[in-house]
Amino acid sequence: MTPIPIEHGLILAAVLFALGLAGVLVRRNIIFILMSIEIMLNAAGLAFIVAGSRWMQADGQVMFIFILTMAAAEVSIGLALVLQLYHRFKTLDVDAAHRMRG
Amino acid sequence: MIELLWLVPALPLAGFLILALAGSRLSRAGAAFVGVLSVGLSAVVAAAVGGRFILSPPEGGAFKQVLWTWIQTGNLTAEIALYLDPLSLVMMLVVTFVGFLILLFSVEYMAGEEGYSRFFCYMNLFVSSMLILLLSSNLLLLYLGWEGVGLCSYLLIGFWYKDAANGRAGRKAFIVTRIGDAAMILGLFLLFTNLGSLEIQELMGRARELWPVGSGLAVAAAALLLAGALGKSAQLPLQTWLPDAMAGPTPVSALIHAATMVTAGVYLIARTHVLFSLAPPVQHVVAVIGAVTLLYAAFAALVQFDIKRVLAYSTISQIGYMFLALGVGAWSAAIFHFMTHAFFKSLLFLGSGVATMAFHHERDMFKMGGLRRKLPGTFWSFLIGCASLSALPLVTAGFYSKDLILFQAWSLRPGARWLWAAGLAGAFLTSLYTFRMLFLTFCGTERQKSGAAPGLCMTIPLALLSVLSIVGGFVQLPPMLGNVAVFSDFLKTALPSVAESHGVRAEVVLMIASAVVSLVGVGVAYILYLRAPRYAEGWARNPLGAALRALWLAGWDFDWVYERVFVRPFVWIARVNREDFVDSFYDAIAQIHVSFNCLLSRTQTGYVRWYAMAIALGAIIIIGILVFL
Amino acid sequence: MVFYISAAVAVISTFLVITRTNAVHALLYLIVSLLSVAVIFFALGAPFIAALEVIIYAGAIMVLFIFVIMMLNPGKAEVRQERQWLKGPMWVGPSILAAVLLAEIVKAFAFQGAPAGQGVSIGPKELSRSLFGPYVIGVELASLILFIGLVGAFHLGRRAGPSEGEERSDTDSH
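Residues numbered from 1 in each chain as written. Chains lettered and ligands numbered in written order. Predicted model: local features only at pLDDT ≥ 70, side-chain atom pairs only at ≥ 80, totals over all residues. Heavy atoms only, no water.

Trainee: How should the overall build of chain A be read in this particular structure?
Mentor: From N to C terminus, chain A includes three helices and one strand. Rg of the C-alpha trace for chain A: 17 Å, well past the compact-globule value of 13 Å for 102 residues, more than 25% over. With respect to the principal axes defined by its C-alpha atoms, chain A has extents near 50 × 25 × 25 Å. Considering only intrachain contacts with a sequence separation of at least 6, the fraction spanning at least 24 residues in chain A is 56%. For chain A, the accessible surface area stands at approximately 3600 Å², while carbon and sulfur atoms represent 71% of it. Treating the 7 positive side-chain charges of chain A as one cloud and the 6 negative ones as another, the clouds have centres 15 Å apart. (Helix = DSSP H or I, 4+ residues; strand = E, 2+ residues; numbered from the N terminus. Rg over C-alpha atoms; globule rule 2.2 N^0.38 Å. Contact = heavy atoms within 4.5 Å. Areas by Shrake-Rupley, 256 points an atom, 1.4 Å probe, with all protein chains shown as cover. Lys, Arg positive; Asp, Glu negative; His and termini not counted. Charge placed at Lys NZ, Arg CZ, Asp CG, Glu CD.)

Written out as structure tokens, the structure is:
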């Protein structure tokens, strides 16, 4: 394993995160928004692994496991809510649910 | 015994408190019992105290009872102190006794009304405030009583508050008297800052020492106090509230607006007579106002058709006589007339109450008539009251008091004989309108069906007041008719007596003149209203007569003038000022907040992606701060 | 070398994920992205995590997504709608925000630090020692989260019961 400069890893994580953020902001379909959130979570996990490998400790990987667990729980609940939303509004447009406004 | 003086105002006050706190829980009989008993007990105590005072007068001719210190700050010390001298004794006795009789009358008169206990509650507060006014030893406590009676007058005029017109009448009374009260408090300020005290006797003493006769300060103080008296006693120009105050129940009109509250002004001037003697211009103004008012009100009373308004204008006129007496320096004559007036005026009001009740609350005299046969007792008491008011010679109390005033006006002001002439003309008009009222109400044909006769609670006061209206005058008889000077001698320590400057012959001539005048008035009324009504109707149809009639009916159109000169500009200013720049400053503050709210509400769009963008933006800003700063 | 190639693959496929109009296509590209990230993990010396990434992330979570999309069954109409929603001007704002964020993070990370991955590979043994040692509370909490996720998904996904009453009132108010 050749040593990889840590900046490059982190920059990769940042790029993936930015792409996920753009996806959340621009897409109107809920499924795509959830997918973009997954992208962002993955990017954050990547950053952790990179950091853990720099310090040569298992802590980064431990954090990634926790992030993974959380992502799994979040996806299941999120998709259940998506089903409810679809059942109610008959569309996956997230802008359909805008009644809670000031 | 005389130390029980404090009970006299305290008993009605206790009655007020009991009725205010527990009145709704008491039965009607219970409320009436408490209300009448408190004033009755007060009258008994007043009689006892008075008796002790007369039999063994305290030294100095006055008794002062200090209850506690009210205010003590800087050089102002005001105590709750009662001062009993012959003047306040006479007034106290009249107020408690007449008040008791009127309350007894109203037990039956107000029996069908709702708010029964509220009525007695307010009446008790009124009697208590009036007694505080009369018995107070300093001007501040007097002002407290003054305001208290003003408040009760407002409350009782608007007693039937569900009708908005009654509320307006109450407010009018309050506002007009308030003008006088404002002047009076300015007078109090002036007296305090210049003489350093508010104790009446001290004030009078210091004024006599420090202020020369006719000095500016004395004139100013006296004028301000006079303004206060004018408001309360409904004299020109502050008299417009009294005819409208007849919107209240009849016992209220009898007690407050005939016998007691409206005489508070007379009492004030009598109490501070030293001040008025030190300001001769003001005293002359008092006499002039008295004379003009009595003529003004007599003309107005001549054309009224509401029986209570006749009596209201009559009250204004008679108080004009009292002011006339005060103005010429006949102090005890004014108080004498007050006493007899209290008797016969309240008698007349109570009698009119019986008449209106008999005609099912009809107050238009031209719709009454023929009550003489149905209610003979009421007729005779009303007749006695009318006779006393008209000052029919020799048998009535009113004759002696009015005649005394006219004689003093003649003799004490030789340069202003027109004052006497005005009083004499007023006497003619008085008997004219009084007997017009009697003939229309009680004699002639019955124009409406009348109801039942009054019961015991109403006849006893009528009877007692009738007796007093006859014998009440016998305490002061002129020299040729018995020379009884009990009254003026009694008041000598409080009010200076007048020097007799004209002989007996002048007095006899004057007395005969006034007697003739009043009898002629009766005769004219008889002819015009019983024998040949066509003359009166003819004059009413004549254009000049109709115009005069309309003018006098509206009280010489004072209301019209005041409305246009004072009320409308004031209301206009208030309306224009509603949106003044101070308001717009506060409005601007509120407006800024509202617009900020609108602005910030726009950020709550409800769209998920908008909120995500807001989070991203926040993160960017914070990271940016961390990274770049 | 491996790192840079799979990094390029990850970035490109992620970009394609967020620009596809067909949901299934996007999902497949996402799986590709995740697989390339797994390769990166492997290159960084975290083999166990790489395996977990493939098995759980790409294998379970993405499959869940596929299930839901199959259930919702988007057709040609939905694809057309997506294309309509993804018009050009829509990209401006989000792109700017993402670019600014990227710039800031890159600036924050632009330091000459120690190189990563000294060649040491941290395997499952060390990982589990760390996990059941100091981080055992985290493990318990993670299991709690999974349990909550399970119950929540079950409850929220139900059609019958309280959701039905709300549904009725909701359709009335519409």
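Trainee: Sorry if this is basic, but what is going on with the overall build of chain C here?
Mentor: In terms of regular secondary structure, chain C is built from eight helices and one strand. Counting from the amino terminus, helix and strand elements in chain C follow one another as α-α-α-α-α-β-α-α-α. When the 174 residues of chain C are sorted by exposure, 34% land in the buried category. Pairs at least 24 residues apart make up 62% of the contacts formed inside chain C by residues separated by at least 6 positions. For chain C, the accessible area works out to roughly 9800 Å², and carbon and sulfur atoms hold 71% of it. (Buried < 20%, exposed > 50% of the residue type's maximum accessible area, 1.4 Å probe, protein only.)

Trainee: Is there a simple way to think about the interface of chain A and chain C in this case?
Mentor: Facing the 72 residues of chain A at the interface are 87 residues of chain C. Buried area between chain A and chain C, both sides added, is near 7200 Å², and the carbon and sulfur share of it is 77%. Counting only elements with at least two residues in the side of chain A that touches chain C, the list comes to β1 (4-5), α1 (6-26), α2 (30-55) and α3 (59-89) of chain A. (Buried area = accessible area lost by both parts, 1.4 Å probe.)

Trainee: For this particular structure, what's the right way to read the packing of aromatic side chains?
Mentor: Describing an aromatic ring pair means giving the distance of the ring centres and the angle of the ring planes. This structure, assessed with the given rule, holds 24 aromatic pairs over all chains. Ring geometry for Tyr296 of chain B and Trp556 of chain B: centres 6.1 Å apart, planes at 40°, overall tilted. Taken together, the positions of Tyr296 of chain B in helix α13 (residues 280-302) and Trp556 of chain B in the loop between α24 (543-553) and α25 (558-576) put the pair 260 residues apart, joining distant regions of the chain. The exposure class assigned to Trp556 of chain B is partly exposed, which follows from its relative accessible area of 32%. Members of the aromatic cluster, each reached through a chain of ring pairs, are Tyr296, Phe299, Tyr313, Trp552, Trp556, Phe558, Tyr562 and Phe566 of chain B. Looking at Arg27 of chain A, its charged tip hangs above the ring of Phe32 of chain A, at a distance of 3.8 Å from the centre. Here Arg372 of chain B stacks its cationic end above the ring of Phe379 of chain B, 5.7 Å away from the centre of that ring. (Phe/Tyr/Trp six-rings, centres within 6.5 Å; stacked < 30°, edge-to-face > 60°. Lys NZ or Arg CZ within 6 Å of the ring centre and 35° of its normal.)

Trainee: When you look at the environment of Leu7 of chain B in this model, what are you seeing that I'm missing?
Mentor: Residue and element names in this part refer to chain B. The topology assignment puts Leu7 in helix α1 (residues 7-22). Separated by 504 residues in sequence, Leu7 and Met511 place their C-alpha atoms 42 Å apart. Residues within four places of Leu7 in sequence aside, it is in contact with Pro12 and Val45.

Trainee: Please explain the nonpolar core as it appears in this structure.
Mentor: One recurring pattern in soluble globular proteins: nonpolar side chains tend to sit buried together. Of all hydrophobic cores here, the largest spans 208 residues; its most connected members are Leu84 and Ile335 of chain B. The greatest single-element share of this core, amounting to 17 residues, is contributed by helix α15 (residues 331-358) of chain B. What Ile335 of chain B contacts, discounting residues up to four positions off in sequence, is Leu87, Val90, Val266, Ala270, Phe487, Leu491 and Leu495 of chain B. Counting residues in each nonpolar core, the second largest holds 81 residues, with Leu16 and Ile39 of chain A together with Ile31 and Leu72 of chain C among its members. (Core = buried A, V, L, I, M, F, W, Y, C linked by side-chain atoms within 4.5 Å.)

Trainee: So what exactly am I meant to see when it comes to the side chain of Lys308 of chain B here?
Mentor: All names here are of chain B. Within the fold, Lys308 resides in helix α14 (residues 307-328). Salt bridges are absent for the buried Lys308, whose nearest opposite-charge side chain, Asp306, sits at 7.2 Å. Of note is the side chain of Lys308, whose polar atom sits 2.9 Å from the backbone oxygen of Gly248. Residue contacts for Lys308: discarding those within four places in its chain leaves Met246, Gly248, Pro249, Thr250, Ser253, Phe349, Ser352 and Arg363. (Salt bridge = Lys/Arg side-chain N within 4 Å of Asp/Glu carboxyl O. Polar contact = N/O pair within 3.5 Å; in protein donor to acceptor, adjacent residues only side chain to side chain.)

Trainee: I would appreciate a short explanation of the confidence of the model for chain C in the present structure.
Mentor: All names here are of chain C. Per-chain confidence: chain C averages 83 in pLDDT, with 86% of residues scoring 70 or above. Overall, residues 163-174 carries pLDDT values under 50, and its contacts beyond four positions in sequence, including any with other chains, amount to 12 contacts. Confidence metrics for the complex model read pTM 0.71 and ipTM 0.90. (pLDDT = per-residue confidence, 0-100.)

Trainee: Where do I start with the interface of chain A and chain B in this structure?
Mentor: When the parts of a complex come together, some accessible area is lost, and that lost area is often used as the size of the interface. Counting residues at the interface gives 14 residues for chain A, matched by 11 residues for chain B. Remark: the boundary between chain A and chain B carries one salt bridge. Summed over the shared surface of chain A and chain B, the result is three residue pairs in polar contact (both at pLDDT 80 or more). Counting residues per element, the side of chain A that touches chain B draws most heavily on α1 of chain A, at four residues.

Trainee: Looking at this structure, how should I read the pattern of salt bridges?
Mentor: Close approach of charged atoms lets side chains of opposite charge pair. The full count for this structure, using the stated rule, is 15 salt bridges over all chains. Residues Arg28 of chain A and Asp93 of chain A are paired through a salt bridge, measuring 2.9 Å at the closest nitrogen-oxygen approach. Placement of Arg28 of chain A in the loop between α1 and α2 and of Asp93 of chain A in the segment after α3 is noted, with a sequence separation of 65 residues between them. Take Arg28 of chain A: its relative accessible area is 22%, and that puts it in the partly exposed class. A salt bridge links Asp181 of chain B to Arg178 of chain B; its shortest N-O distance comes to 3.7 Å. With Asp181 of chain B and Arg178 of chain B both in helix α6 (residues 164-195), this residue pair falls three residues apart, about one helical turn. Residue class for Asp181 of chain B comes out buried when judged on its relative accessible area of 3%. By relative accessible area, Arg178 of chain B is classed as partly exposed at 31%. Several salt bridges share partner residues, and in doing so they unite Arg28, Asp93 and Asp95 of chain A together with Arg609 of chain B into one network.

Trainee: When you look at the layout of surface pockets in this model, what are you seeing that I'm missing?
Mentor: Empty space among the atoms becomes visible once a probe the size of a water molecule is rolled across them. Residue and element names in this part refer to chain B. As a volume, the second largest pocket reaches approximately 680 Å³. Along the wall of the second largest pocket there are 21 residues; nearest its centre are Val303, Tyr529, Ala536, Trp539 and Ala540. Those elements that provide at least two residues to the lining of the second largest pocket are α19 (418-442), α22 (504-531), α23 (533-541) and α24. A per-class count over the lining of the second largest pocket returns 15 nonpolar, two polar and four charged. (1 Å grid on protein atoms, 1.4 Å probe; cavity = no way out; pocket = protein on both sides within 12 Å on 5 of 7 lines; lining within 4 Å. Points joined across faces, edges and corners; volume = space filled by probe spheres on them. Nonpolar A, V, L, I, M, F, W, Y, C, P; charged D, E, K, R; others polar.)

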